[in-house]
Amino acid sequence: METSSSLMSATLPFFKAPSCKSRKRQVAMRANADEKKMAIRKDNDGKIIFSSEKPPTPLLDTINYPVHMKNLSHQELEQLADEVRTEIVYTVSKTGGHLSSSLGVVELSVALHHVFNTPEDKIIWDVGHQAYPHKILTGRRSKMHTIRQTSGLAGFPKREESIYDAFGVGHSSTSISAGLGMAVARDLLGKKNHVIAVIGDGAMTAGQAYEAMNNSGFLNTNMIIILNDNKQVSLPTATLDGPATPVGALSKALTKLQSSTKLRKLREAAKTLTKQIGGSTHEVAAKVDEYARGMISASGATLFEELGLYYIGPVDGHNIDDLVTVLEKVKSMPAPGPVVIHVVTEKGKGYSPAEAAPDKMHGVVKFNPQTGKQFKAKSATLSYTQYFANALIEEAEVDSKIVGIHAAMGGGTGLNYFQKKFPERCFDVGIAEQHAVTFAAGLATEGLKPFCAIYSSFLQRGYDQVVHDVDLQKLPVRFALDRAGLVGADGPTHCGAFDITYMACLPNMVVMAPSDEAELMHMVATAAAIDDRPSCFRFPRGNGVGVPLPPGNKGTPIEIGKGRILLEGNRVAILGYGSIVQTCMKAATTLWNQGIYITVADARFCKPLDRSLITSLAKEHEILLTVEEGSIGGFCSHVSHFLSLNGHLDGNLKLRSIVLPDRYIDHGSPVDQIEEAGLSSRHIAATVLSLLGRPKEALQLQ
Amino acid sequence: MTTVAGGGIRLGGGGSLLRFSGDHPRHGHRHRSNHVSFRTWATVAGRETTRPSSLSFYDLLGITTRDGSEEVKKAYKRMARKYHPDVSPPDCTEEHTKLFIEVQEAYETLSDPSRRAEYDKQLARGFTRFAFTGRAARHYDPEMESKAEWRNRWQDQISELQKRSAMKENICDENLSWAARMRLKRAAQASID
């Protein structure tokens, strides 16, 4: 506070530095509104100038909670929006995180909190990475520098974190459903609060949004749905070569709503006509409006209205006057039923590097606020995602039947590279995992070889389709499950803990996991070769370990159901599944230094298990550890089930499994999360030592 | 051009007759209609112009609203030659220059069919001038137009919704939605309490 006030007094000698947070000071500050306006520096076009220093935020400094925003004038709200914008750019530049979604909804957040009375009124942000302005305005500004870090703020709204976060959101398209639930509960309990669900045009491509709208139109509860339309359906809504049109027919319909020149001309003509013949212009215009809306502005508005939702818009999402007017009017109505307010925003608005970037700077690491240049760490190896994309491209070069499918995640799954090479063979279905899976099944029935690249946690949404449409019919759909295991800063909403469990229990599914990037490439080839049943392979977030790659990035299919032994030892064997094998190797090194030589094996396949490998490990060792970065019910359970059925647990074998604990691991750095989960090399080595009867040494491990 | 010369405009010296207001129409300026989407306009001699007879663009150029683009062009050339600073008598240079600029603006507006249409509408409502400052004057701004159109549209939508919302839900209606039934129950309860 001291630095900012001295900065202000340096530039404005007659501006008194605020001494304490009180109402009186707000009045004095309002009197100096013009001087205050100069606190944020803008260039000649009115654009904010961003710098690397902490921006001056005199008005935002007086706002701790939304209640402090109630008495602000519209001009002050605009200033507040500017200050929130600079605050977000400054904070995210230091911590990394999601940038442009938040910038796009600054005015909307300010308007919502000004008009409504949270936390009694509920605001549900659909996919929470846009909620940074919301968090800043609801008492968490001082902690924003901890966002997405261990023990810090979550990157998404979280009910346990604050009473202002009405619902936990991380996957998209759930806000209307949750909002409807809250509205119905309010009606049953006789309460009077408002419920506002903010959903984006990308999230609208998911079926659940329609399910919710359909139900809300039927129930007719009072509810406000804000459709935040910024023409961004996929992440990024760009190919490698530049911006792309959003996928889906809905986007076209929404665009038509924004620019119905025909309607405008018709209305104007109607108005002129009425002036000449007399009569109330307003009524005629309204009638023309109603009639023509169905005729001319077409599908979009009437879609909502057919579902029973009253449509208002489009409204300029960066004009606080408009937003506040619309919201206040709708708020004051007695019984409007469900209302859709179509708000048009621009992702990354107000920060030119974000506006210009093809991916709009959606997710960033630390960057320079002045230029927008990100400080990406140089790494010797690429990410697993990149290796996957390279391998798939090589497979597709020789086999023209291979096609790629993803659900609005071209950047995150690496399929944007595939799309660049094979534009006709890559399908982005929008945020629609259920459809993606069945669509892939349909492709497979005709003999194509579909690779469905969907994050482990997002595939949860399409699970029934995996079971019923793919596995039951034994269709050869290949699932590439990225972000398996713990994912770091995104937290439990994005954590891929359950895929081994839910895939390996399916009778026909081949389930495998590579321990390094070369294995990943071989598994891509293996999956391409499996043509009589479905298959899947999982790989984590992060970079490869640095093993030599197969020549030309072309893998060779592995024999199905065959694992491998990496290290031969005695007495103790560790059987790892997936990238955790690297951690097991590290544990082996630690133990080697203590004179203990263990066997380390890479199972590679969870289904079908390498029975001979497991049997020999069980027969030749006293202690068998199975390790996976997944929940209970996965690889370790399958192994123990196999061993018990074959009588190997009836003898002297000590079997232990190390899996993710039975609780959600909070967001944080990957290292911290692994520690928290008990899956570090130290934990594994300590387990071995305890089992060997050397507990003191176990405790002394660093 | 008879109406302008002499009594109509008195420019220069103390107190310009044309004052440009920078306020947005909504903040308290008196005006006839609510649907003006322009940011500034002029008041002449502190009074609003409500009659088209004084100083409209057509008056400036000496033409009528029915004159076509050919006439507009001819009139502009005529007026420009008359008020051009280089050819005006030395004691009238300042006034003529100002007039020249206005004639220029009149021509720009009236020669562009869409701008002329807008101006005609304004004229019909009683404003003879709209003076732009800044970038909006330079060329037709479709973005500003569509934003203004959006505002008109949602204002209408809101009033429609207000009407709908105020309509009483009839308890005898068989197809009452769940929420309507709840609302009526609450209302009945409230009136009992």
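Caption draft 1: Geometry of the overall build of chain A. The secondary structure content of chain A amounts to 29 helices and 21 strands. A burial count over chain A gives 59% of its 702 residues as buried. Of all intrachain contacts in chain A linking residues separated by at least 6 positions in sequence, the fraction that spans at least 24 positions is 75%. When the accessible area of chain A is evaluated, it comes to approximately 28600 Å², of which 54% is carbon and sulfur surface.

Caption draft 2: The overall build of chain B, seen in detail. Scanning chain B for helices and strands turns up six helices and two strands. Scored against the burial criterion, the 193 residues of chain B give a buried share of 37%. A separation threshold of at least 6 residues defines the contact pool for chain B, and within that pool the share at least 24 residues apart is 56%. Carbon together with sulfur atoms contributes 52% to the accessible area of chain B, which is approximately 12000 Å² in total.

Caption draft 3: A look at the nonpolar core. Residues and elements named next belong to chain A. Of all hydrophobic cores here, the largest spans 60 residues; its most connected members are Leu-80, Leu-99 and Leu-112. Counting residues per element, this core draws most heavily on helix 4 (residues 74-95), at seven residues. Setting aside residues no more than four positions away along its own chain, Leu-80 makes contact with Leu-59, Leu-60, Ile-63, Met-69, Leu-72, Val-110 and Leu-137.

Caption draft 4: Representation of helix 26 (residues 635-645) of chain A within the structure. Residues and elements named next belong to chain A. Listed in full, the buried residues belonging to helix 26 are Phe-635, Cys-636, Val-639, Phe-642 and Leu-643. Projection of helix 26 onto a plane perpendicular to its axis shows the buried side chains occupying an angular sector of 130 degrees, all on one side. Looking at the buried positions of helix 26, the neighbouring elements they touch are helix 22 (499-504), strand 17 (571-577), strand 19 (605-607), helix 25 (611-620), strand 20 (621-628) and strand 21 (654-658). Gly-647 sits one or two positions beyond helix 26 and adopts a positive phi of about 80 degrees.

Caption draft 5: Looking closely at the sheet that holds strand 15 (residues 535-538) of chain A. Residues and elements named next belong to chain A. One open sheet accounts for seven strands, arranged 11-10-12-13-15-14-19; its pairing is mixed. With one partner strand each, in any of the chains shown, strand 11 (426-428) and strand 19 form the two edges of the open sheet. Across the sheet, the axes of successive neighbouring strands diverge by a mean angle of 20 degrees, strand direction being ignored. Looking at chain direction, strand 14 (residues 510-512) and strand 15 are connected through three bridges and run parallel. Along strand 15, the bridge assignment pairs Val-510 with Ser-535. Sitting on the sheet, helix 19 (residues 433-445) touches strand 10 (402-406), strand 11, strand 12 (449-455) and strand 13 (478-482), and the angle it makes with strand 12 is about 165 degrees.

Caption draft 6: How the structure looks around empty space enclosed by the protein. Residue and element names in this part refer to chain A. In total, this model carries six cavities of 30 Å³ or more according to the counting rule given. Estimated volume of the largest cavity: approximately 70 Å³. Lining the largest cavity are Ala-484, Gly-485, Pro-514, Arg-538, Phe-539, Pro-540, Tyr-577, Gly-578, Ser-579, Ile-580 and Glu-629. Of the residues that constitute the lining of the largest cavity, the class distribution is six nonpolar, three polar and two charged.

Caption draft 7: Representation of the side chain of His362(A) in the model. All names here are of chain A. Mapped onto the elements of the fold, His-362 is located in the loop between helix 15 (352-356) and strand 9 (363-364). Residue class for His-362 comes out buried when judged on its relative accessible area of 12%. Polar contacts involving the side chain of His-362 include one to the side chain of Lys-347, which spans 3.1 Å. The contact partners of His-362, leaving out residues within four places of it in the chain, are Gly-97, His-98, Leu-99, Ser-100, Ser-101, His-129, Leu-235 and Lys-347.

Caption draft 8: Spatial organisation of a positive patch on the surface. A contiguous patch of positive charge on the surface is contributed by Lys192(A), Arg181(B), Lys185(B) and Arg186(B). Examined against the element boundaries, Arg186(B) turns out to sit in helix 6 (residues 178-192). Overall, Arg186(B) belongs to the partly exposed group, its relative accessible area being 33%.

Caption draft 9: Structural context of the pattern of salt bridges. All names here are of chain A. Counted by the stated rule, this structure contains 31 salt bridges over all chains. Glu-397 serves as the salt-bridge partner of Lys-421, at 2.8 Å between the closest nitrogen and oxygen. Of the two residues, Lys-421 is situated in helix 18 (residues 415-421) and Glu-397 in helix 16 (residues 384-398); the sequence distance between them amounts to 24 residues. For Lys-449, the salt bridge is made with Asp-399, and the minimal N-O distance between the two is 2.8 Å. Linking Lys-449 in strand 12 with Asp-399 in the loop between helix 16 and strand 10, this pair joins segments that are 50 residues apart in sequence. By relative accessible area, which is 13% here, Lys-449 ends up buried. Judged by relative accessible area, which is 19%, Asp-399 ranks as buried.

Caption draft 10: Fine view of the environment of Leu327(A). Residue and element names in this part refer to chain A. When you line up the elements, Leu-327 lands in helix 14 (residues 320-331). It is 8.0 Å that separates the C-alpha atoms of Leu-327 and Ala-111, two residues lying 216 residues apart in sequence. Beyond its immediate chain neighbours, meaning those up to four positions away, Leu-327 contacts Ala-111, Leu-112, Val-115, Phe-116, Ile-226 and Ile-341.

Caption draft 11: Here's a closer look at helix 7 (residues 132-140) of chain A. By the criterion of burial, helix 7 of chain A is predominantly enclosed, with eight of the nine residues buried. Residues of helix 7 of chain A that are buried sit in contact with helix 4, strand 1 (97-98), helix 5 (100-104), helix 6 (106-115) and strand 2 (122-125) of chain A.

Caption draft 12: Region of the structure containing the packing of aromatic side chains. Residue and element names in this part refer to chain A. The final tally for this structure, using the stated rule, is 14 aromatic pairs over all chains. Judged by centre distance (4.8 Å) and plane angle (85 degrees), the ring pair of Phe-50 and Tyr-351 falls under edge-to-face. With Phe-50 in the loop between helix 3 (33-37) and helix 4 and Tyr-351 in the loop between strand 8 (338-344) and helix 15, the pair connects residues that are 301 residues apart, well separated along the chain. As far as burial versus exposure is concerned, Phe-50 and Tyr-351 are alike and both buried. In this structure, Arg-425 is placed above the aromatic ring of Phe-422, and the distance from its NZ or CZ to the ring centre is 4.5 Å.

Caption draft 13: Focus on the sheet that holds strand 4 (residues 223-229) of chain A. Residue and element names in this part refer to chain A. An order of 2-3-4-8-7 is seen for the five strands of this open sheet, with the pairing classed as parallel. Strand pairing shows two members of the sheet lacking a second neighbour, strand 2 and strand 7 (310-316), which therefore form its edges. Within this sheet the neighbouring strands show an average axis-to-axis angle of 20 degrees, counted without direction. One ladder, built from five bridges, connects strand 7 with strand 8; its direction is parallel. Paired with Asp-316 across the strands is Val-344, a residue of strand 8. Of the strands in this sheet, strand 2, strand 3 (195-200) and strand 4 touch helix 6, which is tilted by about 165 degrees from strand 2.

Caption draft 14: Local environment of the confidence of the model for chain A. Residue and element names in this part refer to chain A. Across chain A, pLDDT averages 88, with 88% of residues at or above 70. Taken together, the stretch residues 1-22 has pLDDT below 50 and engages in 20 contacts with residues farther than four places along the chain or on a different chain. Contacts of residues 294-300 to residues separated by more than four positions or lying in other chains number 15 contacts, the stretch itself having pLDDT below 50.

Thresholds, definitions, all that
Residues numbered from 1 in each chain as written. Chains lettered and ligands numbered in written order. Predicted model: local features only at pLDDT ≥ 70, side-chain atom pairs only at ≥ 80, totals over all residues. Heavy atoms only, no water. Helix = DSSP H or I, 4+ residues; strand = E, 2+ residues; numbered from the N terminus. Buried < 20%, exposed > 50% of the residue type's maximum accessible area, 1.4 Å probe, protein only. Contact = heavy atoms within 4.5 Å. Areas by Shrake-Rupley, 256 points an atom, 1.4 Å probe, with all protein chains shown as cover. Core = buried A, V, L, I, M, F, W, Y, C linked by side-chain atoms within 4.5 Å. Arc of directions from axis to C-beta. Pairing = 2+ DSSP bridges. Axes fitted to C-alpha atoms, helices over the stretch in contact; angles between N-to-C directions. 1 Å grid on protein atoms, 1.4 Å probe; cavity = no way out; pocket = protein on both sides within 12 Å on 5 of 7 lines; lining within 4 Å. Points joined across faces, edges and corners; volume = space filled by probe spheres on them. Nonpolar A, V, L, I, M, F, W, Y, C, P; charged D, E, K, R; others polar. Polar contact = N/O pair within 3.5 Å; in protein donor to acceptor, adjacent residues only side chain to side chain. Patch = residues over 30% accessible without salt bridge, like charges linked within 9 Å, V, L, I, M, F, W, Y side chains within 5 Å. Salt bridge = Lys/Arg side-chain N within 4 Å of Asp/Glu carboxyl O. Lys, Arg positive; Asp, Glu negative; His and termini not counted. Charge placed at Lys NZ, Arg CZ, Asp CG, Glu CD. Phe/Tyr/Trp six-rings, centres within 6.5 Å; stacked < 30°, edge-to-face > 60°. Lys NZ or Arg CZ within 6 Å of the ring centre and 35° of its normal. pLDDT = per-residue confidence, 0-100.

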